[in-house]
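Residues per chain are reported as follows:
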Amino acid sequence: LRGGEILGVSGPTGSGKSTLGLLLCGLLTPTAGQIVCRSNGKAVVSGLAVTMALQQPENQFFLPTCAAEIAFGPDNIGIPMAGERIDEYLNLVGLPSSLFRGRDPLTLSVGEQRRLAFAVVLALGKPFIIYDEPTAGLDAEGIARFLSLAGQVEASGGGQIVISHDHGLLNRLTDRVLTL
């Protein structure tokens with residue numbers, strides 16, 4: 001995967017799509033072999049370059065507010081996030097900051113949680129993003145917003161992996177598809 005490329009990952013349930021994503025972003029460790037991520041020809045730890053929006057976004061939330069969820073990652077890597085930047089990310093994903101900033105992520109609808117997960121991974125500013133079933137639970141407006149976000153990341157040179165059973169989405173969005 002190169003910067004500015006969108007790779008689709010498809011395959012039947014249980015084929016390892018989500019596991020591949022978790023391995024690539026360093027949330028799982030391979031039982032054999034190794035995952036090597038290269039940046040400018042140099043090997044780097046994959047978790048430093050890759051982030052992932054999980055298939056079940058509620059599993060990645062653990063803080064009391066949407067604002068805290070967005071700020072946590074950048075704060076944790078030494079890049080404190082100001083309130084106005086948090087608001088920008090909320091608004092970017094279609095969650096008006098005036099309504100969602102102080103909300104508990106676990107009280108959001110499935111579609112709202114998915115949008116918050118997008119904001120959380122975008123706020124990290126990593127060069128590669130993995131989305132696991134990114135359009136599940138989204139209405140037409142949410143899907144259009146996701147497509148726009150993916151286009152913006154692609155235009156900025158970010159690499160993306162979209163794991164999905166939706167072949168129409170993959171055909172429309174990705175440069176190529178890996179089938180497991």
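In this text, all values refer to a predicted model and were calculated from it rather than measured experimentally. (Residues numbered from 1 in each chain as written. Predicted model: local features only at pLDDT ≥ 70, side-chain atom pairs only at ≥ 80, totals over all residues. Heavy atoms only, no water.)

(A) Expanded view of the pattern of salt bridges. Scanning the model with the defined rule gives six salt bridges in all. Arg101 is the partner of Asp87 in a salt bridge, and the nearest nitrogen-oxygen pair spans 2.8 Å. With a gap of 14 residues between them, Asp87 in helix 4 (residues 83–92) and Arg101 in the loop between helix 5 (97–100) and helix 6 (110–124) connect regions that are remote in the sequence. The shortest N-O distance in the salt bridge between Asp139 and Arg115 comes to 3.8 Å. Residue Asp139 is found in the loop between strand 5 (128–132) and helix 7 (140–155), and its partner Arg115 is found in helix 6; the two are separated by 24 residues along the sequence. On the basis of relative accessible area, Asp139 is assigned to the partly exposed category, the value being 48%. By relative accessible area, which is 9% here, Arg115 ends up buried. Members of the salt-bridge network, linked through shared partners, are Arg115, Asp139, Glu141 and Arg145. (Salt bridge = Lys/Arg side-chain N within 4 Å of Asp/Glu carboxyl O. Helix = DSSP H or I, 4+ residues; strand = E, 2+ residues; numbered from the N terminus. Buried < 20%, exposed > 50% of the residue type's maximum accessible area, 1.4 Å probe, protein only.)

(B) Spotlight on the side chain of Gln113. Along the chain, the position of Gln113 falls in helix 6. A polar side-chain atom of Gln113 sits 3.0 Å from the main-chain carbonyl oxygen of Pro105. Aside from chain neighbours lying at most four places away, what touches Gln113 is Pro57, Glu58, Phe61, Pro105, Leu106 and Leu108. (Polar contact = N/O pair within 3.5 Å; in protein donor to acceptor, adjacent residues only side chain to side chain. Contact = heavy atoms within 4.5 Å.)

(C) Local environment of helix 1 (residues 17–24). For helix 1, the full list of buried residues reads Lys17, Gly21 and Leu23. Projected down its long axis, helix 1 shows its buried positions confined to an angular sector of 160 degrees, all on one face. Just downstream of helix 1, Gly26 is the residue with a positive phi angle, here 85 degrees. (Arc of directions from axis to C-beta.)

(D) Quick peek at the packing of helix 6 against helix 7. Packing of helix 6 against helix 7 brings their axes to within 11 Å, and their N-to-C directions diverge by 10 degrees. Accordingly, the angle class assigned to the pair helix 6 and helix 7 is roughly parallel. Between helix 6 and helix 7, the residues in contact are Arg115, Phe118 and Leu122 and Glu141, Gly142, Arg145, Phe146, Leu149 and Val153, respectively. Grouping the amino acids of the contact of helix 6 with helix 7 by side-chain chemistry returns five nonpolar, one polar and three charged. (Axes fitted to C-alpha atoms, helices over the stretch in contact; angles between N-to-C directions. Parallel < 35°, antiparallel > 145°, perpendicular 65-115°, else oblique. Nonpolar A, V, L, I, M, F, W, Y, C, P; charged D, E, K, R; others polar.)

(E) Up close: the packing of helix 4 against helix 6. Where helix 4 meets helix 6, the axes come as close as 9 Å, and the angle between the chain directions of the two elements is 135 degrees. Taken together, the axes of helix 4 and helix 6 are oblique relative to one another. The handedness of the crossing between helix 4 and helix 6 comes out as right-handed. Counting all contacts with helix 4, which are made through Tyr89, Leu90 and Leu92, the residues of helix 6 involved are Leu116, Ala119, Leu122 and Ala123. Here the residues of the contact of helix 4 with helix 6 are counted per class, giving seven nonpolar, no polar and no charged. (Left-handed = near helix turned anticlockwise from the far one by under 90°.)

(F) Region of the structure containing helix 6. Between the first and last C-alpha of helix 6 there are 22 Å, a value that for 15 residues agrees with the 21 Å anticipated at 1.5 Å per step. Immediately downstream of helix 6, the backbone of Gly125 shows phi near 65 degrees, a positive value. (Expected span 1.5 Å × (residues − 1).)

(G) Quick peek at the sheet that holds strand 7 (residues 176–179). Spatially, the five strands line up as an open sheet ordered 4-5-6-1-7, and their pairing is parallel. Edge positions in the sheet fall to strand 4 (50–53) and strand 7, since each of these pairs with one other strand and no more. On average, each strand axis in the sheet is tilted by 20 degrees relative to the strand beside it, whichever way the strands run. Summarising the sheet, strand 1 (residues 6–10) and strand 6 (residues 159–163) pair through four bridges and their orientation is parallel. Opposite Gly8, over in strand 6, you have Val162 as the bridge partner. (Pairing = 2+ DSSP bridges.)

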